[in-house]
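Chain by chain, the residues:
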Amino acid sequence: MCGIVGYVGPRFATPILLDGLRRLEYRGYDSAGIAVLNLEGEIQIEKTEGKLQKLLDAVGDGGPAGFLGLGHTRWATHGLPNETNAHPHADCERKIVLVHNGIIENHTELRKELLSSGHEFVSQTDTEVLAHLFEEEYGRLAEEGHEDPILPEAVRCGLRKVRGAYAVAAFCRDEPHVLVGARLFSPLIVGLGHGENFLASDIPAVMRHTRRALVLDDGEVVALTPVGVIIRTLEGEEMQREPFQISWNLQSAEKGGFPHFYLKEVHEQPEAIINALRGRLDGRRVNLSEWSHLNFDRVERVAVVACGTSYYAGLVGRLLMEKWAGLPVDVEVASEFRYRDPLIDDKTLVVIITQSGETADTMAAFRLAREKGATTVAITNVVGSSVTRGADATFYLQAGPEIGVVATKTYLTELVVLCLLALDLARGRSRLSDEEIAEVVSELRGLPSKVEAILEQEEAIAEVARRYADRQGFFFIGRNLAYPTALEGALKLKEISYVHAEGYAGGELKHGPIAMLDSGFPVFAIVPQSDTYEKLLSNIQEVRARRADVLSVATVGDEVIATHSEEVFYIPETREDLSPILAIVPLQLFAYYVAVARGCDVDQPRNLAKSVTVE
Ligand code: G6P
C-alpha cells in the first residue's frame, strides 16, 4: 500500500512532490523517492531507504529542478526495502520512469520475457517490469509512427499484459508535458488545478493545491498535461468524468477522514482480505508459490509460535490445520516456548506468526526452531523484516501498513493466510477433495463484503459501547473456533480502553471465573452457528442465572439468541471454520468506542509498542 504523487505544471515539481509524500507517508515508510525531468531534459532520480525524512535530508533545500515529476513512499511487497528497490524505477535508457503501488502477479513471467529480449534489470521489484514493458511498447509504437504523445498509449498497451493490482504514475523524457497514470484495484486520483494537474494515491497529497479532483476507475489510464486530462479504458475507449469537491480539512485527511488510524484500519479490513488473497488463489484452488519449493512428506506435526494477537490467530490456525490437514498442532506463546526444551525436530513444521517480523520473543523461538532443524515458515506483514531472513518460506500478509499500535487488519489477514496454509496442507496430504477446497475458497472470496456488512452496523455498536463504557470489567466466552475470538476480543478492550477484560473457553467459566459474576456484570458470548452452539447457550444460561448482562455476537437470523441477551451484534452467515474472521469485527468496534468514550489514546495506548524488540 504505497503512496504515489505526480505533478505537471508551471511550478517546480520537487517541493510539491515532497510535500505530497509527507502527507502520504502513513501508506508506507520503507523507502521514498522522487523523479523529476530536470532543466537539462534528463530524468533525475533521488531516492533513499527508510523514512521520508531521510529523503528530505538528502534533498535539503535543493533537489532536481523541473516542472514534471513523480514521487513514491514505499510499503515493500516484493524485494527488500533497500535503496535499489526503492521507487522510482526506470527503463534501460532512463527514458521512462515510474512509480507503482500494488502487486504485479505475473511479474516473473514478464521479467523472463523482457530479459530474453535484452532488457536489463537492476532491482528485485515486481515494479521494474513495468518500466521495461512500457519501454518495449513505446519503441514499438514509435516505430509504427504513432502520433505524440506516445507514452499514454504505451502504458495502456503494456498494462493489458499485466495481471494483478496497480496504481501507476509514469513520464517520459521525450514528452515533457505529459504525466500518465493508471489504476487497477489500487487507488489513484487526479487533482485538477489551474494550469497544472496532479496525481495521487490519496486526497491529502493534493488538497493544499486544489479542492477539485476526480477518481480514476479500475482499468483506466489517464494522460495529464498542465491544461488537459484524457481518460481511456485499457481497451482504448475515451471516458468522461465529473470532478468532485474535496471537503476534508488537512489534519483529518491523512487518516482518510477517520479520527484514528485504528478505526481507519478496521475499515480497511475488507480490502486487506482481498489483498491477502491476491495471487494465492487460482480459480477454485489455492496456489501458494511461497512454499512450493518445500516438501512436507516428512512433516509429522506442526508447532505455531507467536505473541499477543498473533498468538490468538495461531489458536485459530491450529483448529484449521488439525481439522483440514489432520496434523497434530501445538500453539505456544514464544516467550514460553523458548524456555522449554520443545520437542521439535526435522519432522516438525514451525509456523512463526509476527505481523512486525521483529518481536524479540518470537525471534528467539524462531532461532531455536531453526537450530533444532525444523522447517520454518514465517507469516508477517513487513517485507524484509528479521523473521523473513532464514525462514524456509515467508508469507506476507499484504495488509498495508498498520499504524495503530494494536493489531486489527493484520489479525484478520493472519487468519486468512493461516486458512490458506491449512487448505494447502490438506490438499498435499489428500485430506480434502478439490471440491471441498473449492467450497472454502468460494466462501473466502465472499468474506470482504461480509466484513463490510458488519462495518455498516458501526453506529449501533457504538451506541451500545457508550452505554457500557463505565463498566469495571468484562468477560468474553466462546467455544472451539470462537474461543480465540473471545481472547482477542478481551485483548482489544484491555489494550485500548484499559478496562479489565478476560476471555475464557465457555466450558471453563464454571471452574472458577463464574465466582466473579453478579448483577449487571457484562459477558460477551461469541456464539455464531456452530457445532458447539447449544453448549455455549448452556453457558449463557449459567451467566444469566447470576443476573449478569449477556452481549452476544451471533449469526444473522438467530432469533433465539436475542431472547437470552441484552444486546446482539449480528454477523453474516458463513462456514463455522471461517467465522473467526467475521466474529472479531464487532468486538474491534466495541473496544474502539469504549476507548473513545473513556478518552483513551486509541492509536498509542499507554505502555504498549507496535513492535516489542526486547525480551
Ligand atoms: C506487541 C503488540 C501486540 C502484538 C504483539 C505481537 O505486544 O502490542 O499488539 O500482538 O506485540 O506482535 P507481532 O508483531 O509479533 O505480531
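Residues numbered from 1 in each chain as written. Predicted model: local features only at pLDDT ≥ 70, side-chain atom pairs only at ≥ 80, totals over all residues. Heavy atoms only, no water.

Peer 1: Just give me the short version of the packing of aromatic side chains, but keep the residues and values in it.
Peer 2: Enumeration according to the criterion identifies 15 aromatic pairs in this entry. The interplanar angle of 50 degrees and the centroid separation of 5.3 Å between the aromatic rings of Tyr7 and Phe198 together place this pair among those described as tilted. Within this pair, whereas Tyr7 is found in strand β1 (residues 3-8), its partner Phe198 is found in strand β10 (residues 197-200), the two being separated by 191 residues in sequence. Note on Tyr592 and Tyr593: the rings are 4.8 Å apart at their centroids and 85 degrees apart in plane angle, and the pair reads as edge-to-face. Residue Tyr592 shares its accessibility class with Tyr593, and that shared class is buried. A network of ring pairs unites the aromatic residues Phe474, Phe476, Phe524, Phe569 and Phe590 as a single cluster. (Phe/Tyr/Trp six-rings, centres within 6.5 Å; stacked < 30°, edge-to-face > 60°. Helix = DSSP H or I, 4+ residues; strand = E, 2+ residues; numbered from the N terminus. Buried < 20%, exposed > 50% of the residue type's maximum accessible area, 1.4 Å probe, protein only.)

Peer 1: I'd like a rundown of a nonpolar patch on the surface, residues and numbers included.
Peer 2: On the surface, Phe12, Leu39 and Phe67 cluster together to form a nonpolar patch covering roughly 300 Å² of accessible area. Checked against the element boundaries, Phe12 lands in the loop between β1 and α1 (13-24). On the accessibility criterion, Phe12 (43% relative accessible area) is partly exposed. (Patch = residues over 30% accessible without salt bridge, like charges linked within 9 Å, V, L, I, M, F, W, Y side chains within 5 Å. Areas by Shrake-Rupley, 256 points an atom, 1.4 Å probe, with all protein chains shown as cover. Salt bridge = Lys/Arg side-chain N within 4 Å of Asp/Glu carboxyl O.)

Peer 1: If you had to explain the sheet that holds strand β6 (residues 96-104) to someone new, which residues and values would you point to?
Peer 2: Read from one edge to the other, the open sheet built from 7 strands follows the order β5-β6-β7-β8-β12-β13-β14, with strand pairing classed as antiparallel. Looking along the sheet, the strands with just one partner apiece sit at the ends: β5 (89-90) and β14 (238-239). Bridge count between strand β13 (residues 229-233) and β14: 2 bridges; the pairing is antiparallel. In the strand pairing of β14, Arg232 is matched with Glu238. Strands β6, β7 (164-172), β8 (179-184), β12 (220-224) and β13 of the sheet are contacted by helix α5 (residues 151-159), whose axis makes an angle of about 20 degrees with β8. (Pairing = 2+ DSSP bridges. Contact = heavy atoms within 4.5 Å. Axes fitted to C-alpha atoms, helices over the stretch in contact; angles between N-to-C directions.)

Peer 1: A description of the environment of Val350 should follow, citing residues and the corresponding values.
Peer 2: Relative to the helices and strands, Val350 is located in strand β20 (residues 348-353). You can call Val350 buried: its relative accessible area is 0%. The residues contacting Val350, other than those within four sequence positions of it, are Ala303, Val305, Ile344, Ala369, Ala374, Thr375, Thr376 and Val377.

Peer 1: Please give an account of the packing of helix α8 (residues 269-277) against helix α13 (residues 434-455) that cites residues and values.
Peer 2: For the pair α8 and α13, the least separation of the axes is 8 Å and the interaxial angle reads 170 degrees. As far as their axial angle goes, α13 and α8 are roughly antiparallel. Where α8 approaches α13, its residues Gln269, Pro270, Ile273, Ile274 and Leu277 are matched on the opposing element by Leu444, Arg445, Leu447, Pro448, Val451, Glu452 and Leu455. Partitioned by chemical class, the residues of the contact of α8 with α13 number 9 nonpolar, 1 polar and 2 charged. (Parallel < 35°, antiparallel > 145°, perpendicular 65-115°, else oblique. Nonpolar A, V, L, I, M, F, W, Y, C, P; charged D, E, K, R; others polar.)

Peer 1: Tell me about the site of the ligand, and name the residues and values.
Peer 2: Close contacts around the ligand come from 11 residues, with Ser310, Thr354, Gln355, Ser356 and Thr359 the closest. The side chain of Ser310 places a nitrogen or oxygen atom 2.6 Å from an oxygen atom of the ligand. One nitrogen or oxygen atom from the side chain of Glu495 is found 3.3 Å from an oxygen atom belonging to the ligand. Burial of the ligand by the protein chains amounts to 91% of its free accessible area of 390 Å². (Near = heavy atom within 4 Å. Polar contact = N/O pair within 3.5 Å; in protein donor to acceptor, adjacent residues only side chain to side chain.)

Peer 1: Give me the packing of helix α3 (residues 107-116) against helix α4 (residues 128-143): which residues, what numbers.
Peer 2: Between α3 and α4, the least distance of the axes is 10 Å, while the angle of their chain directions is 45 degrees. In terms of their interaxial angle, α3 and α4 are classed as oblique. Along this stretch, α3 crosses α4, giving a crossing that reads as left-handed. Contacts between α3 and α4 involve His107, Leu110, Arg111 and Leu114 on the former and, on the latter, Val129, His132, Leu133 and Glu136. For the contact of α3 with α4, the class distribution of residues is 4 nonpolar, 2 polar and 2 charged. (Left-handed = near helix turned anticlockwise from the far one by under 90°.)

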